[in-house]
There are 2 protein chains.
Amino acid sequence: MGTQGQNDSSRQPTVKEVALLAGVSPMTVSRTLNGGKSVRLEVQQRVIDAVQMLGYQRNENARSIRPGQPSGLVGVAITNIANPYYGNFALGVEDIASQRGRRIILGTTGEDSARERQLIADFIGRQVEGLILVPSGGRSDHLQPNRLRGTPLVLASRMAAGVDVDAVIVDDIGGALRGTQALLDVGHTRIGYLGNDASTFTGMRRFQGFRQALVAAGLAADPRHVRLGQNDISEAALAATDVLMSPDAPTALFAANNRNAVGALKAIGELLAHGRPLETMPALVSFDSFELSELMPVPVVVVDHDARELGRQAATMLFRRLDGDPDAPAVVVEMPTVVRNSRR
Amino acid sequence: MGTQGQNDSSRQPTVKEVALLAGVSPMTVSRTLNGGKSVRLEVQQRVIDAVQMLGYQRNENARSIRPGQPSGLVGVAITNIANPYYGNFALGVEDIASQRGRRIILGTTGEDSARERQLIADFIGRQVEGLILVPSGGRSDHLQPNRLRGTPLVLASRMAAGVDVDAVIVDDIGGALRGTQALLDVGHTRIGYLGNDASTFTGMRRFQGFRQALVAAGLAADPRHVRLGQNDISEAALAATDVLMSPDAPTALFAANNRNAVGALKAIGELLAHGRPLETMPALVSFDSFELSELMPVPVVVVDHDARELGRQAATMLFRRLDGDPDAPAVVVEMPTVVRNSRR
DNA sequence: CTGTTAGCGCATTCAC
DNA sequence: GTGAATGCGCTAACAG
C-alpha cells in the first residue's frame, strides 16, 4: 500500500512536480535534464531520483514549441510502405535518424499528389526538422523552399521538376541499359517492356536506358510489346500476359520495377500452369531485386541497388544539410546499380 | 516584386500574424480554423484569405501542449520495417489512422527490449494518443498501464506476459497445426522445424501447433531436425542446410515464419545448384506467405494471413478504445489463418 | 550554482 | 459574435 515509487496517475507529471519533489526549482530540473551544466552533482542526483520516482517523461511537444527549438522529428513521405522496397528505404532512414536521436514520422502518398501536398503541410505543422520524400510526380509547387518555410527537403529515388533541392537517385538509365544489354548479349532481339508511366521520373529514365541499349544494337522497341502505367502486381500480371499472348511474342521482358517483375513472373507461372512449355517462356530483367529470384523457372537478370542504403543516404544528406549551410547549392547523388544473373 | 501572395519568410507565420492581416483577433482565427462556430461567414472568409496568403499552417505541437488536447499522433513500434510482413502491417495501421486524421510516428525495436522501452517512453513524451506495438518479448513492466500514463496500448501479433491490454494476434496454433496436417496428409512422417526462439509468443504457439499435429498422428518431433532462434534469412538458411544434410534428413520442413521459409528455400536452391536431385528436396510449410511461392521448385504449403488487415484491426481496436471506455476489459482478437497449397 | 521572469503558439474561459 | 486574459510545459535570458 502507499506509493511504491511509481506514480500511477493518468496525468503526465511535469517539471514542476519533479522540482517540488526534488526540492528545487523547475529550472534546475530542466538544466539537469539537458546535460547538467551548472548544477551541483548532488542536486542533479536528487533530480534524477525524483524523475525516476515519478516516472517523469519530458513533454517533447512543449519543448519544441518555441521557434528554433528542434522537434526531434523527421518527416518521411513515401508512396507505399507495403512495397518492400520502400519498407527497406524507410528502415534505412530510421537507421540514421535514430542514431541522431530523431524520430520518424511517416506518411504514405499512394502516388497521389494532393495527399502528398497535405502530408507535407501537416509535417511542417508538426515542426519536423527535415523532410524526406519520394515525390509522386505531378505539380510540385508545394515543394518550393519558400512553401517549406526553410525546412530542408531531400528527394529520394525521383526528382521533381523545377525543384532545386538535395536528392538521392538511382542510376536508372545506366542500370536499364546494362540490364537490357545482358539480354541482348545472350541473343534476345524481341524484348518486351513493362514499366510505370513514362511521365514519372524513374519511368522515363528506365525506359530511356532500355531504348538506348536497343538502339545501340540496331534494334527498336516494338510498341506492341511495351506496356506502361501498371502500378501494382495484378495490373502488371495482366499486362505481361497480354504481351506474352500477342503475335510475335517477345522472348524476353524488361520489368522496370519490382511490382512489374513480380507481376510478369506471376503471369509466367500462370501460363506454365496452363501447360505452356517452359521453353516458350521469356527471360526477364528486373529493375529492383526481389527475394528468391534465384529460384525462378526462367532466367532472371536483376538490376539491383540497396534500398536501405538509399534511405541511409537520404537521411545522411538531410543531416548534413541540418548541420551545415542551409543555403549551399543542392546536391544530387546518383547511386550505382549492380547487374547480375540471379543464377550464379 | 513585392509579395505575390506567398510569404517566403523562413519563420512560420502564427495566428497573430494571420489575425493582423485579417483585421481580427487571434481568437477569431483560432475559432475559424476549428470549424467556424460563432464567427460571421464574412469574417471567416477574411481569415481564410489571410491564411491562404501567408501560407499559414497551424503548429500542431503548440496546439497539443495543453493536457487533454489530442496530438493527432499514434506511436507504432515494430521489430523491423524491412520485413515486408511488418511493412504491410504498418500500412494497415496507416490506412485506418490517416482515415481518422492521425499521423503515424514509427520506430523499430529490432527485437531489443531495451530499445522498445526507450521507444515507448519517447512516444509517450511526444504525447501520442495511442500506441501500437509488436512486443519484442523479455521484460514488460514498461508496458503496464500505470507506466503508460493512460495511453491506450494495443499489442499486435504477439502478447506480452502479464500485460492485460487489447491485442490482435494470429491463430498460430491452429494454423501451424493445419499446415503440418497438410504435410502429414500427403504422407510425410519426418518433418523438420525452423522457428524463432521458443520463448517468444508466436514461436511457442507455432511450435505447439506443430507438435500437436504430430502427436495426433502418433508421431513426435525429432530433436535433431528442430532448429529454433534463427532471426534472419541467412541464419535460417544455415539452419536449413544443416538439417537437410543431417542423417535421416526430413522429407519436409515446417518454417514458422517468413524469414525461415525464405532461408529454407535459399538453402534448397543452393543444394539444387550443387547438383542435389530435385526429388531429394523437402516439401515446405511456410507460416506467413511470401511473393511468388507458387513458382518454387518444391511444393509449398502456405499458412497465410493478411498482415495489412492485422494492422487495420490493431488500429481499429485502438480507436475503439480512444472513443470508448478506457477502463473496459481488454479485448483479444485472434485472426484466422488460411492454409493453401501454393500450386493450385 | 540556482531561482525568477517571461514568452513560445494556441485555445479555454470569461467578459462584453 | 468577438475579444482579453490566462495558462498549458518548457527553457532562454537575466538576476542574484
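In this report, we go over the structure that sits alongside the text. As a convention, each chain's residues are numbered from 1 in the sequence order in which they are written. Labels follow written order: the first chain is A, the first ligand is 1, and so on. Note on the predicted model: pLDDT of at least 70 is required for a residue's local features to be given, and 80 or more for side-chain atom pairs to be given and counted; whole-chain, interface and lining totals, by contrast, use all residues. Only hydrogens and water are removed before side-chain values are computed, so all heavy atoms of the structure are retained for them.

### Side note on the side chain of Ser342(A)
Residues and elements named next belong to chain A.
Right, so step 1: The helix and strand labels rest on DSSP assignments: H or I over at least four residues marks a helix, E over at least two residues marks a strand, and numbering proceeds from the N terminus. Secondary-structure assignment places Ser342 in the segment after β12 (338-341).
Right, so step 2: Owing to a relative accessible area of 4%, Ser342 belongs among the buried residues under this scheme.
Right, so step 3: Here the side chain of Ser342 touches Ser293 through a polar contact of 3.4 Å, landing on its backbone oxygen.
Right, so step 4: Contacts are assigned to residue pairs with any non-hydrogen atoms lying within 4.5 Å of each other. Not counting chain neighbours up to four residues away, the residues in contact with Ser342 comprise Ser293, Glu294 and Val300. Between buried and exposed lies partly exposed: a residue is buried under 20% and exposed over 50% of the maximum accessible area for its type, with that area taken using a 1.4 Å probe on protein chains only. Pairs of N or O atoms within 3.5 Å make up the polar contacts considered here, provided that, within protein, one atom can donate a hydrogen while the other can accept it, and that residues adjacent in sequence are counted only when both atoms are side-chain atoms.

### Section: the nonpolar core
Right, so step 1: Throughout, nonpolar core names a set of buried Ala, Val, Leu, Ile, Met, Phe, Trp, Tyr and Cys residues whose side chains join them through atoms within 4.5 Å. Among the nonpolar cores identified, the biggest contains 93 residues, and Phe89(A), Ile132(A), Phe254(A), Phe89(B), Ile132(B) and Phe254(B) are the most heavily contacted of them.
Right, so step 2: Those residues in contact with Phe254(B) that sit more than four places away from it in its chain are Ala176(B), Thr180(B), Ile191(B), Gly192(B), Tyr193(B), Leu194(B), Phe210(B), Val285(B) and Phe287(B).
Right, so step 3: Membership of the second largest hydrophobic core comes to 48 residues, among which are Ala264(A), Ala267(A), Ala239(B) and Leu253(B).

### Thoughts on the pairing of strand β9 (residues 283-287) of chain A
Residue and element names in this part refer to chain A.
Right, so step 1: For β9, the buried fraction is high: five of the five residues fall into the buried class.
Right, so step 2: Place the viewer so that the strands point away; then a crossover is right-handed whenever the path from the first strand over the helix to the second strand goes clockwise. What joins strand β8 (residues 252-255) to β9 is helix α11 (residues 258-273), and the crossover it makes is right-handed.
Right, so step 3: By this definition, two strands are paired if DSSP reports at least two bridges between them. In this sheet, strand β10 (residues 300-304) lies alongside β9 in parallel orientation, the contact comprising four bridges. Bridge pairing in β10 places Phe287 opposite Val303.

### Observations concerning helix α10 (residues 233-245) of chain A
Right, so step 1: Given the number of residues in a helix, its expected span is that number minus one, multiplied by 1.5 Å. Between the first and last C-alpha of α10(A) there are 18 Å, a value that for 13 residues agrees with the 18 Å anticipated at 1.5 Å per step.
Right, so step 2: If you follow the buried residues of α10(A), they end up packed against β6 (191-195), β7 (226-228), β8 and α11 of chain A.

### Quick word on the protein's contact with DNA strand D
Right, so step 1: We call a residue near a molecule or strand when any one of its heavy atoms sits within 4 Å of it. For DNA strand D, the set of nearby residues contains 25 residues, the closest of which are Tyr56(A), Arg63(A), Thr28(B), Arg31(B) and Arg40(B).
Right, so step 2: Taking the atoms of DNA strand D that fall within 4 Å of the protein, sugar and phosphate contribute 60% of them.
Right, so step 3: A distance of 3.5 Å separates a base nitrogen of DNA strand D from a polar backbone atom of Ala62(A).
Right, so step 4: Of all the secondary structure elements, the ones that give two or more residues to the surface near DNA strand D are α2 (26-33) and α4 (60-63) of chain A together with α2 (26-33) of chain B.
Right, so step 5: The dominant element in the surface near DNA strand D, judged by the number of residues it contributes, is α2(B), at three residues.

### Here's the deal with the sheet that holds strand β3 (residues 130-133) of chain B
Right, so step 1: Strand order across the open sheet formed by twelve strands is β11(A)-β5(A)-β4(A)-β3(A)-β1(A)-β2(A)-β2(B)-β1(B)-β3(B)-β4(B)-β5(B)-β11(B), with mixed pairing between neighbours. Edge positions in the sheet fall to β11 (332-335) of chain A together with β11 (332-335) of chain B, since each of these pairs with one other strand and no more. If you compare each strand with its neighbour and ignore which way they point, the axes differ by 20 degrees on average.
Right, so step 2: Bridge analysis of strand β1 (residues 73-78) of chain B against strand β2 (residues 103-108) of chain B gives six bridges, and the strand direction is parallel. When the sheet's bridge partners are listed, Val76(B) is paired in β2(B) with Leu106(B).
Right, so step 3: In the packing of helix α6 (residues 113-125) of chain B onto the sheet, the strands contacted are β2 (103-108) of chain A together with β1, β2 and β3 of chain B, and the crossing angle to β2(B) comes to about 155 degrees. Note on geometry: axes are C-alpha line fits, over the in-contact stretch for helices, and angles between N-to-C directions span 0 to 180 degrees.

### Quick word on the relation of the copies chain A and chain B
What connects the two chain copies is a rotation about an axis and a shift along it.
Right, so step 1: The copies were overlaid with a least-squares fit restricted to C-alpha atoms from residues scoring a pLDDT of at least 70 in each copy. Between chain A and chain B, the superposition needs a rotation of 180 degrees and an axial shift of 0.0 Å, giving an RMSD of 0.1 Å. The superposition operator between the copies reduces to a two-fold rotation axis. Distance from the rotation axis, computed per C-alpha, reaches its smallest value in chain A at Ile105(A): 2.2 Å.
Right, so step 2: Looking at chain A, 100% of its interface residues are interface residues in chain B too, so the copies touch through the same face.

### Digging into the protein's contact with DNA strand C
Right, so step 1: In the neighbourhood of DNA strand C, 25 residues make up the surrounding shell, with Arg31(A), Arg40(A), Met27(B), Tyr56(B) and Arg63(B) lying closest.
Right, so step 2: In the model, a phosphate oxygen of DNA strand C is placed 3.0 Å from a nitrogen or oxygen of the Asn59(B) main chain.
Right, so step 3: Among the elements of the structure, α2 of chain A together with α2 and α4 (60-63) of chain B are those that each provide at least two residues to the surface near DNA strand C.
Right, so step 4: If you tally residues by element for the surface near DNA strand C, the top one is α2(A), at three residues.
Right, so step 5: Its residues assigned to classes, the surface near DNA strand C shows eleven nonpolar, eight polar and six charged. All residues other than Ala, Val, Leu, Ile, Met, Phe, Trp, Tyr, Cys, Pro, Asp, Glu, Lys and Arg, Gly among them, are scored as polar; the first ten of these are nonpolar and the last four charged.

### Things to note about the interface of chain A and chain B
Right, so step 1: Contacts between chain A and chain B engage 65 residues on the former and 65 residues on the latter.
Right, so step 2: Both faces considered, chain A and chain B share a buried interface measuring about 5600 Å² in area, 52% of it formed by carbon and sulfur atoms.
Right, so step 3: For Arg115(B), the salt bridge identified is with Glu94(A), shortest N-O distance 3.8 Å.
Right, so step 4: For the interface between chain A and chain B, the tally reads 28 residue pairs in polar contact (both at pLDDT 80 or more).
Right, so step 5: At the level of secondary structure, the elements contributing two or more residues to the side of chain A that touches chain B comprise α4, α5 (84-99), β2, α6 (113-125), α7 (145-148) and α11 of chain A.
Right, so step 6: Top element by residues in the side of chain A that touches chain B is α6(A). It accounts for eight residues.
Right, so step 7: Looking at the side of chain A that touches chain B residue by residue, the class counts come to 25 nonpolar, 23 polar and 17 charged.
Right, so step 8: Sheet topology note: the β2(A)/β2(B) ladder contains three bridges and is antiparallel. Counterpart to Ile105(A) in the pairing with β2(B) is Ile105(B). In this description, buried area is defined as the sum, over both parts, of the accessible area (probe of 1.4 Å) that is lost when the two are combined. One side-chain nitrogen of Lys or Arg within 4 Å of one carboxyl oxygen of Asp or Glu is enough to make a salt bridge.

### Section: the side chain of Arg205(B)
Right, so step 1: For Arg205(B), the position within the fold is in helix α9 (residues 201-216).
Right, so step 2: Within the structure, the side chain of Arg205(B) is placed 3.0 Å from the side chain of Asp172(B), a separation counted as a polar contact.

### A word on the packing of aromatic side chains
In this description, a pair of aromatic rings is defined by centroid distance and the angle of the planes.
Right, so step 1: In this analysis, rings of Phe, Tyr and Trp, with Trp reduced to its six-membered ring, are considered paired at centre separations within 6.5 Å, and the interplanar angle assigns stacked below 30 degrees, edge-to-face beyond 60, and tilted for intermediate values. Per the counting criterion, the structure on display carries twelve aromatic pairs over all chains.
Right, so step 2: Plain terms: the ring middles of Tyr193(A) and Phe207(A) are 4.6 Å apart, the flat faces sit at 50 degrees to each other, and that makes the pair tilted. One end of the pair, Tyr193(A), is in strand β6; the other, Phe207(A), is in helix α9 (residues 201-216), and 14 residues separate them in sequence. Here the two residues Tyr193(A) and Phe207(A) agree in accessibility, since each one is buried.
Right, so step 3: Pairing Phe207(B) with Phe210(B) gives two aromatic rings, centres 6.1 Å apart and planes at 15 degrees, and the pair type is stacked. In this pair, Phe207(B) and Phe210(B) both sit in helix α9, three residues apart, roughly one turn of the helix.

### Description of the sheet that holds β6(A)
The strands making up a sheet associate through backbone hydrogen bonding, with each pair oriented either parallel or antiparallel.
Residue and element names in this part refer to chain A.
Right, so step 1: With mixed pairing, the six strands of this open sheet are ordered in space as β7-β6-β8-β9-β10-β12. Edge positions in the open sheet fall to β7 and β12, since each of these has one partner strand only. Looking at each pair of strands side by side, their axes are set apart by 15 degrees on average, direction ignored.
Right, so step 2: Across four bridges, the pairing between β8 and β9 is parallel. Looking at the pairing, Leu253 lines up with Leu284 of β9.
Right, so step 3: Contacts from α11 reach β6, β8 and β9 within the one sheet, and its direction differs from that of β9 by about 155 degrees.

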